[in-house]
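Here is how the chains run, residue by residue.
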Amino acid sequence: MTDALLQVEGLNVSFTTYGRTRQVLRDVSFSVAAGERVALIGETGSGKSVTAKAIIGTLPNAATITGGAIRLEGREVLHMPPGEREALKGTAFSLIMQDPLSSFNPVFLIGTHLDDVMRFADRRRGVRASRAERRDRIAAVLRRVQLADPERVMNSYPSELSGGMRQRVLIGLALLHQPKLLIADEPGTALDVTTQDEIMNLINQLVREEGMALLMITHNLGVVRKVADRVVVMHHGDIVETGDCHRILGAPAQDYTRALIDAVPPLYGPRVTTQALTEGAPIVEAGALTKTFGRRRSEFTAVREVSLTLRKGEIFGLAGESGSGKTTVARMMMGLLSPTTGQVTFHETPAKGRPLAQIVYQNPGTSLNPKRTVAQSLSVPLKALGKKGAVRQVRMQELMALVRLPVSYLGKYPHELSGGQKQRVAIARALAAEPKILILDEPTAALDVSVQKTVIDLLLQLREELGLTYFMISHDLSLMRNFCSRIAVMLRGEIVEEGATPDVFAAPEHPYTRALIAAIPVISDDEERMKPAVTDEERARTLVATTV
Amino acid sequence: MSDAKMLLDASDREMSAAYMMWYRYSRKPAAVIGTLIVLSAIAMAVFAPWIAPHPKDVGTVVNFRARHHAPELAHLFGTDQVGRDILSRALFGMRVSLLLVLGVLGISVPVGTVLGLVAGYFGGWVERVITGLTNVMLAMPPLVLALAVSNLLEPTLTNAMLAITLQWWTWHARLIYAVSKSVAAEDYIEAARLSGAGPLHILFREILPNCVSVISVKTTLDAAFVILLGATLSFLGFGVKPPTPDLGSMVAAGRQFMPDYWGEVLCPGAAVLYVTLGFNLLGDGLRDMFDVES
């Protein structure tokens, strides 16, 4: 393995916080050959980002490298003088950052930002270039990342570009000095699936054309299949297995990898679960809802003429990308927001003092008050229902049992719980109010894929036990395929497609639905083949352009 | 959130919040020293009658034979122009300063906090009225306002307190308003409202606990300012009436006899410095300690 571009050998890293030391990486070894694409995958806390940070040299102060070696082109970087190591940045390797918004200083023009980076790198390497020369080089790089009008991009502020365009600029930034290794930390995670798909295509193309090696850090197995030749699976600081991408995804050798793959909701094929369509009576009916925000000049119509019926006992899914108006529709249907025009009819009136609907929010980190214990959070709806003393205590214990959490957790604060546990508490709180409908606002988007599966299974069981109706809002179509009995797809404030879930996925009518489904990263070639076909013209017509 | 941050969080999960706070606090020598200073200052004020070498000198004692004694064992910082022990009077002066802090912050912190919470949560005209009033009050220089009030009324401890309080609540109102407004936008506030919680519950049970760290840091740092402001008022002759010993008026009285009888200025001056320094160090320490949750 002498020809490896990057070689990590027996890397051990530990973190010391509040006087206690924990080992977060144990004997991590892998290599990336020149021109090879390697994906480092793992869930939260697996140590994948720590590994990347150790390579780049940006570990937090709390971290200590306790052993091992990292070699770039055969040179050991860990014991290099800081100046020498600094000189590797941008030339030997380069980083594509995760968050396209926070990676730019909002008060500088994109052109200024890129020029600074180029100037600093030039100075480090003793290159002298005029401003005009640098500008030409920058324009060339922006063209490489398929930004059609580099001049306009350079004269824009970060806030004036879309998320997809910013991500392209970030990739361009990493390409400025033709690095041999590109390290990408969860690129496109914050973007919509369709944009993410384009970004992955771009990275793939660049890596191939420039002959760069790629180290991709991700939790998304679908992305892995798309951009990696070889996969390194990490779990709790250990490498679980390493191997060819198709072999790992198709026939994993380790139980952990298998569990990870099984937790990914399938889009097509025999593993898909279909929720039966229930022909219950309508609970909520929305007629021609329109919502306009802002006044006169800055007026913006978020939702246009949307009519929907929610039936008793069904799992209805409203799909759409960010800004499509799906959350606004859900809020109007539940009476949390009044429509500008149109009306909402409730066919079922809740018992006195009982709300019809409760919400389970996307991020359990922000939907639970950090200063209140689980018991205190649960007591709010119980108090509102007039439950006191022992009755309240018993009900709390029932609720904990319902969401499969130990009763002892009642005394814990949110920061003592994991993401999945927090989301269970949030579900318990929603159930405490005894609603008829549960609004699920991307309930698993902030969770790891294996945790996501357990939460979804819990929600399905709860629906059986309590006879609830679910209204789910999500951008994750593969999740909705398995969870919803009926779905509607929203595009720019309008519903473009609606129907029983299997029908919509088997034969999507609207080009946008097709483009959306086609962009979902899947983990098997079979699924890839079963995706609907989209023409470039259809794609251009329905998707937001990220190149101009 | 990055994976590294998650890992740090995961290790935090195994520890109690109290332990993490204690850990941060105990590793800040300045904070520990601040605590010791504040505690000792409080002890000195509370036990002044017992530890002062000449507790009688606090009243209207005149002993011209002992005037302007140089520092000696019986009078560590000497005596003033009517022969009273400077150290004893300074100890009682700290009592006045701390009482002033207690009075001013005891009223302005709760008032400012409630107004800030209400303005931040309810918004609309309530917000406009409260923030408007706050801004108008903030536009007036505190010392000028305090001077005006104590000029109109008698110069007593209560009136000095009143004069400072009149302006002080605005700082807390503005600070808590900002916190309350951002907390009010959190999902958990909407969730509480959805599950049937009333406004009182939301204000005091959901939002207020999230303001506690900010309030305690601000209050501690404020204590130092209030002591300085009170001393300034007394120095200018608008504070506590003689013969009640006050650090500010003691400095003012001793000033005429500088530099010959330096102890008369140095002792009360040092007392002001000691207490303000203590509160400032403690405030900084608290800020680091509470950083855990933010």
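In case you missed it, the structure is sitting above this.
Read on for a plain summary of the structure. What you see is a predicted model; the values in this text were computed from it and never measured.

## Describing the interface of chain B and chain A
Here is step 1: Contacts between chain B and chain A engage 32 residues on the former and 40 residues on the latter.
Here is step 2: Both sides together, the interface formed by chain B and chain A hides about 3300 Å², and carbon and sulfur atoms give 57% of it.
Here is step 3: Where Arg331(A) meets Glu190(B), a salt bridge forms, and the shortest distance between an N and an O atom there is 2.1 Å.
Here is step 4: One can count 10 residue pairs in polar contact (both at pLDDT 80 or more) joining chain B with chain A.
Here is step 5: Elements with a minimum of two residues in the side of chain B that touches chain A: α1 (3–13), α2 (17–26), α9 (187–194) and α10 (199–207) of chain B.

## Brief notes about the environment of Ala119(B)
Residues and elements named next belong to chain B.
Here is step 1: Mapped onto the fold, Ala119 is located in helix α5 (residues 86–122).
Here is step 2: In sequence terms Ala119 and Lys181 are 62 residues apart; their C-alpha atoms lie 7.9 Å from each other.
Here is step 3: Leave out the neighbours within four places in its chain, and Ala119 touches Glu127, Ile130 and Tyr177.

## A short note on the packing of aromatic side chains
Here is step 1: Summed over all chains, the structure comprises six aromatic pairs over all chains.
Here is step 2: On the numbers, 5.4 Å between centres and 75° between planes, the contact of Phe316(A) with Phe471(A) is edge-to-face. With Phe316(A) in strand β13 (residues 315–319) and Phe471(A) in strand β17 (residues 469–474), this pair connects stretches of sequence that are 155 residues apart. Note on accessibility: Phe316(A) and Phe471(A) belong to one class, buried.
Here is step 3: Taking 5.1 Å as the distance between ring centres and 65° as the angle between the ring planes, the aromatic pair formed by Tyr121(B) and Phe122(B) counts as edge-to-face.
Here is step 4: The ring of Tyr409(A) has Lys412(A) lying over it, and the distance from NZ or CZ to the ring centre is 5.1 Å.
Here is step 5: Its end group placed over the ring of Tyr23(B), Arg27(B) keeps NZ or CZ at 3.9 Å from the ring centre.

## Topic: the side chain of Thr373(A)
Residues and elements named next belong to chain A.
Here is step 1: By the element assignment, Thr373 lies in the loop between α12 (364–367) and α13 (374–384).
Here is step 2: Residue classification places Thr373 among the buried residues on the basis of a relative accessible area of 11%.
Here is step 3: For Thr373, the contacting residues outside a window of four places in its chain are Leu410, Gly411, Lys412 and Tyr413.

## With respect to the sheet that holds strand β1 (residues 4–17) of chain A
Residues and elements named next belong to chain A.
Here is step 1: Reading across from one edge, β2-β1-β4-β5 is the order of the four strands in this open sheet, with antiparallel pairing throughout. Two strands bound the open sheet, and with one partner strand each, they are β2 (20–33) and β5 (75–76).
Here is step 2: Each of β1, β2 and β4 (63–72) touches helix α1 (residues 48–56); the most contacted strand, β2, lies at about 70° to it.

## Structural notes on the pattern of salt bridges
All names here are of chain A.
Here is step 1: All chains considered together, the criterion is met by 38 salt bridges over all chains.
Here is step 2: Taking the shortest distance from any N to any O, the salt bridge between Glu210 and Arg144 comes out at 2.7 Å. Note that Glu210 is positioned in helix α7 (residues 193–210) and Arg144 in helix α4 (residues 131–144), a separation of 66 residues in sequence.

## Here we look at the nonpolar core
Here is step 1: With 64 residues, the main nonpolar core has Val104(B), Leu105(B), Ile207(B) and Phe279(B) as its most contacted residues.
Here is step 2: Ranked by the residues each element gives to this core, the list is headed by α5(B), at 14 residues.
Here is step 3: Residues in contact with Phe279(B), not counting those within four places in the same chain, are Val38(B), Leu98(B), Thr220(B), Leu221(B), Ala223(B), Ala224(B) and Ile227(B).
Here is step 4: Ranked by size, the runner-up nonpolar core spans 56 residues in total, among them Leu368(A), Val374(A), Leu378(A) and Leu468(A).

## Topic: the pairing of strand β3 (residues 37–41) of chain A
Residues and elements named next belong to chain A.
Here is step 1: A large share of β3 lies buried, amounting to five of its five residues.
Here is step 2: Every second residue of β3 is oriented toward a common face, with Arg37, Ala39 and Ile41 on one face and Val38 and Leu40 on the other, all of them buried.
Here is step 3: In the sheet, β3 pairs with strand β8 (residues 213–218) via five bridges, with the strands oriented parallel. Looking at β8, one finds that Val38 is bridged to Leu215.
Here is step 4: As defined by bridge partners, β3 adjoins strand β9 (residues 230–235) across four bridges and the pair is classed as parallel. Bridge pairing in β9 places Leu40 opposite Val232.

What counts, and at which threshold
- Within each chain, residues carry numbers counting from 1 in the order of the written sequence.
- Both sets of labels track the order of writing: A upward for chains, 1 upward for ligands.
- Side-chain atom pairs in this predicted model are given and counted only at pLDDT of 80 or more, local residue features only at pLDDT of at least 70, and totals for whole chains, interfaces and linings cover all residues.
- Only hydrogens and water are set aside when side-chain values are computed; all heavy atoms of the structure are taken into account.
- Here, two residues are considered to be in contact whenever any of their heavy atoms come within 4.5 Å of each other.
- Put simply, buried area is the surface a 1.4 Å probe can reach on two separate parts but cannot reach once they are joined, added for both.
- Here, a salt bridge means any Lys or Arg side-chain nitrogen found within 4 Å of an Asp or Glu carboxyl oxygen.
- Any N or O atom pair separated by 3.5 Å or less is treated as a polar contact, with the protein-specific requirement of one donor-capable and one acceptor-capable atom, and with residues adjacent in sequence counted only for side-chain atom pairs.
- Only DSSP runs of H or I reaching four residues or more are called helices, and only runs of E reaching two or more are called strands; each is numbered from the N terminus.
- Between the rings of Phe, Tyr and Trp (Trp by its six-membered ring), a pair exists once the centres lie within 6.5 Å; its type follows the angle of the planes, with under 30 degrees stacked, over 60 edge-to-face, and the other angles tilted.
- Think of it in three bands: with a 1.4 Å probe and only protein chains considered, a residue is buried below 20% of the maximum accessible area for its type, exposed above 50%, and partly exposed in between.
- For a Lys NZ or an Arg CZ to count as sitting over a ring, it must be within 6 Å of the ring centre and within 35 degrees of the ring normal.
- At least two DSSP bridges between two strands are required for those strands to pair.
- Between N-to-C directions, angles cover 0 to 180 degrees, with each direction set by a line fitted to C-alpha atoms, over the stretch in contact for helices.
- Buried Ala, Val, Leu, Ile, Met, Phe, Trp, Tyr and Cys residues that are joined via side-chain atoms within 4.5 Å together make up what is termed a nonpolar core.

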